[in-house]
Amino acid sequence: MPIALSVNLNKIALIRNSREGNYPSVVEFGRIALEAGADGLTVHPRPDQRHIRPTDVTALASLVSEYPNCEFNIEGNPFAEPQGSYPGLLELVKETSPHQCTLVPDSNDQLTSDHGFDLSKDANRLLPIIEELHEMGVRVSLFMDPDPDQIARAKALGVARIELYTGPYAAQWSADNDSSDTLYTRYRQAAEFAGEQGIEVNAGHDLNLENLPQFATIPGLKEVSIGHALTVDALRFGMRPAVERYLTICR
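Predicted, not measured: the structure shown is a model, and the values here were computed from it. (Residues numbered from 1 in each chain as written. Predicted model: local features only at pLDDT ≥ 70, side-chain atom pairs only at ≥ 80, totals over all residues. Heavy atoms only, no water.)

Draft legend 1. Layout of the overall build of the protein chain. Summing up its helical and strand segments, the protein chain has 11 helices and eight strands in all. Expected size for 251 residues packed as a compact globule is a radius of gyration near 18 Å; at 17 Å, the protein chain falls within 12% of this value. The C-alpha extent of the protein chain, read off along each of the three principal axes, is 45 × 40 × 35 Å. For the protein chain, restricting intrachain contacts to residue pairs at least 6 apart in sequence, the fraction spanning at least 24 positions comes to 70%. Total accessible area computed for the protein chain in this model is approximately 11100 Å², and 49% of it derives from carbon and sulfur atoms. Here the protein chain contributes 21 positive and 35 negative side-chain charges, whose respective centroids are spaced 3 Å apart. (Helix = DSSP H or I, 4+ residues; strand = E, 2+ residues; numbered from the N terminus. Rg over C-alpha atoms; globule rule 2.2 N^0.38 Å. Contact = heavy atoms within 4.5 Å. Areas by Shrake-Rupley, 256 points an atom, 1.4 Å probe, with all protein chains shown as cover. Lys, Arg positive; Asp, Glu negative; His and termini not counted. Charge placed at Lys NZ, Arg CZ, Asp CG, Glu CD.)

Draft legend 2. Looking closely at the sheet that holds strand E6 (residues 161-165). Spatially, eight strands are ordered E1-E2-E3-E4-E5-E6-E7-E8 in a closed barrel, and the strand pairing comes out parallel. The sheet shows a mean angle of 25° between the axes of neighbouring strands, direction not considered. When strand E2 (residues 40-43) meets strand E3 (residues 71-76), the two strands line up parallel, connected through four bridges. When the bridges of E3 are listed, Val43 appears paired with Ile74. Contacting strand E5 (139-144) and E6, helix H6 (residues 148-157) crosses the sheet at an angle of about 160° to E5. (Pairing = 2+ DSSP bridges. Axes fitted to C-alpha atoms, helices over the stretch in contact; angles between N-to-C directions.)

Draft legend 3. Summary view of the pairing of E2. Where burial is concerned, the two faces of E2 agree: the one with Gly40 and Thr42 and the one with Leu41 and Val43 are both buried. Pairing geometry for strand E1 (residues 4-8) and E2, over three bridges, is parallel. Paired with Asn8 across the two strands is Thr42, which belongs to E2. Taken together, E2, helix H3 (residues 54-64) and E3 constitute a β-α-β crossover, and its handedness is right-handed. (Buried < 20%, exposed > 50% of the residue type's maximum accessible area, 1.4 Å probe, protein only. Right-handed = clockwise from strand over helix to strand, strands pointing away.)

Draft legend 4. Examining the pairing of strand E8 (residues 221-226) more closely. Burial runs high along E8: five of the six residues are buried. Direction of pairing for E1 relative to E8: parallel, over a ladder of four bridges. Bridging from a neighbouring strand, Ser6 pairs with Ser225 of E8. The sheet contact formed by strand E7 (residues 200-204) and E8 spans four bridges and is parallel. Bridge pairing links Val201 to Leu221 in E8.

Draft legend 5. Broad picture of the pattern of salt bridges. Following the criterion strictly, the structure yields 15 salt bridges and no others. A salt bridge links Lys94 to Glu132, with the nearest nitrogen and oxygen atoms 3.3 Å apart. In this pair, Lys94 sits in helix H4 (residues 89-96) while Glu132 sits in helix H5 (residues 119-135), placing the two residues 38 residues apart along the sequence. Asp149 serves as the salt-bridge partner of Arg153, at 3.3 Å between the closest nitrogen and oxygen. One end of the pair, Arg153, and the other, Asp149, are both in helix H6, four residues apart, so they sit about a helical turn from each other. Residue class for Arg153 comes out partly exposed when judged on its relative accessible area of 34%. Counted as one network, the salt bridges with shared partners bring together Arg161, Glu200, Lys222 and Glu223. (Salt bridge = Lys/Arg side-chain N within 4 Å of Asp/Glu carboxyl O.)

Draft legend 6. The environment of Pro219, seen in detail. Along the chain, Pro219 turns up in the loop between helix H9 (212-215) and E8. Residue class for Pro219 comes out partly exposed when judged on its relative accessible area of 33%.

Draft legend 7. Geometry of the state of the cysteines. Overall, the coordinates contain zero disulfides when judged by the stated rule. Sulfur of Cys101: no disulfide; nearest cysteine sulfur belongs to Cys70 and is 19 Å away. Judged by its relative accessible area of 0%, Cys101 falls in the buried class. (Disulfide = S-S within 2.5 Å.)

Draft legend 8. Geometry of unusual backbone geometry. Residue Pro24 is reached from Tyr23 by a cis peptide bond, and omega for that bond is 5°. Following the sequence through the fold, Pro24 ends up in the loop between helix H1 (10-16) and helix H2 (26-35). Even without a glycine there, the phi angle at Ser97 is positive, about 50°. Counting through the fold element by element, Ser97 comes out in the loop between H4 and strand E4 (100-103). By relative accessible area, Ser97 is classed as exposed at 52%. Residue Asp206 is not a glycine yet carries a positive backbone phi of 65°. In this structure, Asp206 sits in the loop between E7 and H9. In this structure Asp206 comes out as partly exposed when scored by relative accessible area, which is 41%.

See the structure below:
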């Protein structure tokens, strides 16, 4: 089965926010990605609105609704308090009804997401949030490290998917690096274990045109969410050709 490519638009928004106005437009670049064949769009709104803003979430949800076979994925920390015009993750989900909500344990002062949930600590807090999202008809994915014990705990929470945090894999990757191969094996085994538990697997963080071909061979991988590297490649090649290069690997 082909792997779905969800294009993360955070870095497009970050560039826009460096100036007044709406240039570049995240909606325009989201449309380019979808017209190029992307399977969906991802946003990760944070309370400080350093990139994606609540108004972007609403506008992009409307955009994705024009493409019946594409999905909208909202990522975020479900425990982050509302701040200014940021209403909180669940409120944004209620307003926009995304296909998927990926819960991520990032604090407000993190530069970017850098670890998965520790469900030995967070499971009880997450359960009512997951149940509320299910009642809204939203698929829930948990941002996770490749740890079978943690994945088993995710199974107990009833989530449909996990998203494997691939930062460590990307940091070690090279075509002839034994330690990279060892880490790839760890991710592969974690994905296989998730499949045995009936959990589907997404992946994301620092995947790029060089390391994605190996990672894409992991059995049962449903979706990759890629933003930073794809935005850099869009500077090299243009947005549409960059998306097409990633789709060639995914398919």
